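Tertiary structure, described
So the chains spell out like this:
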Amino acid sequence: MVHRRHVTVESSSPSDSNCDSDFSSASSRKTSPTSPVKNSAPSTEPLKCRKWRSDSSGNDNNNKTKSSKLPRSQKDHNEEPSDPEHTQNPGVIYFGEVQQVVITAHRGNAEEDQAIALLREALALHPVGHTDRSKSLDNLANPLFTRFHHRGNSEDLDQAIALHKEALALRPVGHTYRQEDLDQAIALHKEALALCPVGHTGRSRSLNSLANGLSTRFDHRGNAEDLDQAIALDREALALLPVGHPDRSRSLNSLANGLSTRFDHRGNAEDLDEAIALHREALALLPVGHPDRSLSLNNLANHSTRFDHRGNAEDLDEAIALDREALALCPVGHTDRSLSLNSLANGLSTRFDHRGNAEDLDQAVALDREALALRPVGHTYRSLSLSNLALDLSTRFDHRGNAEDLDQAIALHREALDLCPVGHTYRSNSLNNLAVQLSTRFDHRGNAEDLYESRENLRCALTLLTQHDPRRLMVHESLATVYLLFHRSGLDGPGEDTNSLNVAMHHFKAAANFVPGGLLFRLRASLRWVHHADEHRHDTEMDAYATSMQLMDGYMSATASVSSRHRAMKDFPSTLAVDAASCALRSDDVRRAVELLEQGRTIIWTQMTRLRTPLDNLQTHNDHAAALMKRFRDLSSLLDRPPASHPDGTQSVDVEAEDTRYRRLVEDWNGVVEEIRKIESFSRFLLPTMFADLQEAARDGPIIVLVASKSSCDAIIIPHKQSPTSIRLPTNLEKLQTLVVRLQRTSRLALPKALMELWEDVVRPVVDILGGFARRHSRIWWCPTSVFNFLPLHAAGEYRKDGQFRSRNGATSFAHLTGNSEDLDEAIALHREALDLCPVGHTDRSMSLNNLALDLSTRFDHRGNAEDLDQAIALDREALALRPVGHTDRSSSLINLANRLSTRFDHRGNAEDLNESRENLRCALTLLTQHDPRRLMVHGTLAAVYLSFHGSGLDGTGNPSEDTERLNVAMHHFKAAANFVPGGLLFRLRASLGWIRHAALHRHGTELEAYETSMQIMHAYMSATASVSSRHRAMKDFPSTLAVDAASCALRSGDVRRAVELLEQGRTIIWNQMTRLRTPLDNLQTHNDHAAAVMKRFRDLSSLLDRPPVSHADGTQSVDVEAEDTRYRRLVADWNGNVEEIRKIEGFSRFLLPPEFADLQEAARDGPIIMLIASKSSCDAIIIPYKQSPTSIQLPTNLEKLQTLVVKLQRTSRSALPKALMELWDDVVRPVVDILGGFARRHSRIWWCPTSVFNFLPLHAAGEYRKDGQFLSQLYISSYTPSLSALIKARRHDRSLSVSFAAIGQDSPPGVSFTLDCVEPELELVRSLLPPPPTVSFTKITSVDATRSRALRALQDNAWLHFSCYGTQNYEDPFNSAFLMRDQPLSLLDITQTDLSRHEFAFLSACDTAAGDPSTPDEVIHLAAGLQFAGVKSVVGTLWKVTDATVQRLVEEFYKNFCKDGKMNSKRAARALHQAVHSLASDKDMPLDQRIVFVHIGI
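What comes next is a walk through the structure. Quick caveat, the model's predicted, so the values are computed rather than measured. (Residues numbered from 1 in each chain as written. Predicted model: local features only at pLDDT ≥ 70, side-chain atom pairs only at ≥ 80, totals over all residues. Heavy atoms only, no water.)

Moving on, we come to the nonpolar core. Most often, soluble globular proteins keep nonpolar side chains buried together rather than apart. Judged by nonpolar contacts, the single largest core of 72 residues is most densely connected at V1060, I1169, M1171, I1182, I1184 and L1284. Top element by residues in this core is helix α42 (residues 1007-1023). It accounts for eight residues. Setting aside anything within four residues of it in sequence, one finds I1182 in contact with L1051, V1056, A1059, V1060, I1169, I1170, M1171, I1173, P1190, T1191 and S1192. Listed in part, the 67 residues of the second largest apolar core include A1220, W1225, A1354 and L1488. (Core = buried A, V, L, I, M, F, W, Y, C linked by side-chain atoms within 4.5 Å. Buried < 20%, exposed > 50% of the residue type's maximum accessible area, 1.4 Å probe, protein only. Helix = DSSP H or I, 4+ residues; strand = E, 2+ residues; numbered from the N terminus. Contact = heavy atoms within 4.5 Å.)

What follows covers the packing of aromatic side chains. Using the criterion set out here, one finds 17 aromatic pairs in the structure. Ring centres 6.3 Å apart and planes at 45° place the aromatic pair Y483 and F486 in the tilted group. In this pair, Y483 and F486 both sit in helix α19 (residues 471-489), three residues apart, roughly one turn of the helix. For the pair formed by Y483 and F486, the shared burial category is buried. Between the aromatic rings of F1454 and Y1455, the centroid separation amounts to 5.1 Å while the plane-to-plane angle is 85°, which identifies the pairing as edge-to-face. Overall, the relative accessible area of 0% leaves F1454 in the buried class. Of the residues examined, Y1455 reaches a relative accessible area of 0% and is grouped as buried. (Phe/Tyr/Trp six-rings, centres within 6.5 Å; stacked < 30°, edge-to-face > 60°.)

An order of β5-β4-β3-β7 is seen for the four strands of this open sheet, with the pairing classed as mixed. Strands at the two margins of the open sheet, each flanked by one partner only, are β5 (725-728) and β7 (781-784). Recorded for the sheet is a direction-independent mean angle of 20° between the axes of neighbouring strands. As paired elements, strand β4 (residues 713-718) and β5 share four bridges and run antiparallel to each other. Following the sheet pairing, A715 is matched in β5 by I727. Its contacts with the sheet put helix α24 (residues 576-586) on β3 (703-708), β4 and β5, and the angle it makes with β3 is roughly 100°. (Pairing = 2+ DSSP bridges. Axes fitted to C-alpha atoms, helices over the stretch in contact; angles between N-to-C directions.)

What follows is the structure, encoded as structure tokens:
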């Protein structure tokens, strides 16, 4: 965002003699707002040089990488001179001004002509070259200026300006009199004020003049007392100018500007609010038509600062509205028009930064251009206008990718640099800004000259900045970034490459350690250093972490409130401390690891306790201590807001004085820190804690610090007065995260197993060593970090007979959380009362016993009170006794009692409970009829009970075969539950997933069968789910990796064909259901009545089986159990019969049966298919040739690496993209290519069928991006297919004889930020390249005609399609992904409901049309896949965003190859796209990411 300088209103009224000697400059003091800081997380930050970002008063802000702003020009001392000739030097003007005030006070105005005559005579005595000539020039100029105000004679004004200019030329920057004059002026102002006591008519003028001088001195020296005095004087002056006084508006502005300046330096919001209120009052005194209203509007508008401070969008909108009004008051030709143009452009640009509305940015660019036109060559502020326009063009390039904008921005920056020759104060700014843009262009085009020039400019900028200039920090960071680009791009040679990396780290270190840069900016620089040092495993990594820890501690110390510290913590990496500790452990420095952990964790608490005891109490301790505390916080705040860098060419800036002020500020800060360290218990204030001090914590027993980072998981044992020991734990971060989830979601039955895993992976390795530091049953302390914080370490153990437990080795504690359950308590009380009303012998007593037992069991689940569970079991026993053998509800009571007993076993481990639970369940199973739906639940519970026997070691003799048998019985019951048809599809599916989970966990022989069963039930369940959206929602309820895990299981057993079948069966289920039911099942309603009835009957029966009948209340005589069982038996028989009927229909012989490999292999008829599988266990490729056996390859990568690669490809800069694609080549594509030669000749076609994370990798673009390197595109022509079935289906359709081609374009749909100018030319280009009629019948639909309904009709009526429009991938609801039309989107759901079975080809010239949905990757839900599944044989789509320039060139090359012989064949699309991409490869101006964005899907 950009800030503006305050523009104040001059008093132009000559009527009041009290303001004669104010020269209007008294109300034109400047302020220097500092921009608020936006955080950039180092871990995700693109590799970009840093631009100088300055507000309109020049405040440098180095916090952004891409859209940072340059200084926006405003008037010197808040007012741009309407004429360059009118520029005054405030460092010179005050001496003459005071002299005139004194003369007026003593002699009156009658003698001013005589005074001027005498001063002319004095000037004549000081010819050119005389040492006092500059003083005489000013002495004469000032009374001439005063006489102009008295009499309005313009000759006096012209002479005064000429004299001031000559005086200014004689006093260059650094001239002694610039400072001496100011001090003398203030002294004289004070003398003048003494001559104007309270009640004197000239007092208000004198107050204002003295305030003006003090404010100016504050601007030059930064002494806060000067500013406070100036504000107090302005308040007194304002009080002397009541409502109605002609000078009140001027005085209001003076006070407002002083308060605004103080806000900028101290951040007190009350000052800002009061300043805005005063500016509002000043504006109200200048009605429409007043000549100064436009300047007053600008003053108020400039307080968009409050928007920056508080984020209230209304402030920004109001500022823009005021700027618009001000501009309207400055028509073409007005002297202040460039100022108003600049202010409005500034506000619009800021609003774009916050809201992203491209119209704001376009308007800002247009206004910048007009402002620049008003500042021709030679204008004082031309360089600023050049920079403003360059900046907004650069921002627009970042958002639209139009290379012309970037080229223009660079040209403008070059011109701005030419206006800042060697020796110019702000040449370093221009060098930096040009360097950043050149670096950006290198990222996009890879032109080495840009990067070399960027580096040289930054080196030069660094040499121009003084040693204490805060901007050096940013230049160091920018240089670090540029050297990293050299390292990554390979522009340097092998030896230089390593040196480039070292130099980059040197600059990061220099930025982090540069004290004048401020704590926050230094901290951010250090985090970037950490990020890149870690990425490259550079030897400065440990130094980077240590520096970051120290800066974080210092920054948090300067942050006042607890809540603000907590908010600040969220802006920085949460794993910083553990990553630092892991780095130290890799270097075998265990003590340093402990120090870094302590330094970087619990920062908020540490700051609170450290500042509270005794720092916060120092205010009552003694005045010196309180002053130290306040001084430290004030200085830290000032260092976090580096001083203003004033606009180019503003001669009033004393750079040397500014540098001196900063140097003193840094020295003061260091001195205060040293003073604080002299206070008791603060000797190491802002220094990291030493291990020797930390070890004192282990005085009463050893401390175990647990460290979990991405690189490793470790334990550090810290004993008292012994060396610490580190242990590498046999686990990793991903496993620990999974364990946390399991512990949070696991059933009580499975809890012991999870705690055993915790024991094996974390606690036991510690216990094995702990004996050397602590005796048994003594105390130990756990100090967990990261994910370890969520693990019950105290409860780990071997949950089996004679197993070890953590609690047996050391003392632990545990806290329980309870919720509010008054409703449950009341329900139990009512059930007890109801039971009292059903005494022994009452027919409803068993039901009442059951109800009370159920609620007591629920309360036990919530509170853990064992009495509730015991009571529930007792009540269940009594209820069971009332339901003897033969009772219809005895099986229900047996099940209830079995469940409670199993729960009690989980909590107490009593073997009798588990044995009784098993016997009750066995008995219940014998009592239930063969078709009772409850049998599914009993099978599932029995499976869980047998798993408990297996895991606990109970009911056995220690014989392994007996233990294995119990595991086999558990799997038998899971299988029985999954295959029990009366249980309903949904419950069977859930049972099958439980079977998979436990079979996989134990690597049981039924694992593959479990997967097969789940696949079959999943298909049946989805067939019974009616709508597309409900199917997608349902898919999210089940494991997204089911199909790939099943395939991995098959590959582990060596069954490649089965792996392919399971992949096809378990992926793209939604599409398969849609296409299978549409062709021909959905059409059966018009086929014949029998077929329609079969279809309806299947859906009805499936719905009934998914809702098993209710289990009625005990004793309800109306329930005929036998009749109910008979009804269910018939229902199941009907369902099976209905499925058999459907399988007799042509094309449905394998309805609800998985496809066989022999059928699937037909997809490889025109070239081999490579299926890619990524599961947790392994990553594999399967090559499927035509009529040959398939081959599997284990890839040299894993799921985590692939996920990281996806993120890198999504976030990487263009210069780093080749490296990521080389990694893709090495880990995935090359191992396939090495074998592919046996199945396909070179330059022939291949098809990729990716699964899981592979769906988001540009496989077709993989290669060795170096000289003479191999590329996949040089070897084969790649296409993609979402599934084998989709490819088979696309080949089955006969080719359409007629070619009806529809080109659909929409350049300006509602809600978008800018128009797609290329749409109309693109469609005309397509028309020109297609064969003419009658070969092709061409239809074009664009602009207002391109509505949703027209596009749908065109989609239905034409078999060949070209879309040119906005495309959106909806990640929340992917079926609402759409092409944006004029009225409504044409959604993916619309396309799926359209029969495109005879369609040949579609070219999708829009963004993200083949991007996909990460939440259900194996459903492949995107626009391109949707068109293919709907029937289109061949589709060209995009993986990510595409630019207009890319589209225009690729479309032309594609259609030239596609239609080169005047014929249309959809099979040519892949080869035509391949050739088009190759033709663009030599164009270095086209970025790599744009050359590889298009992909082909289909035949």
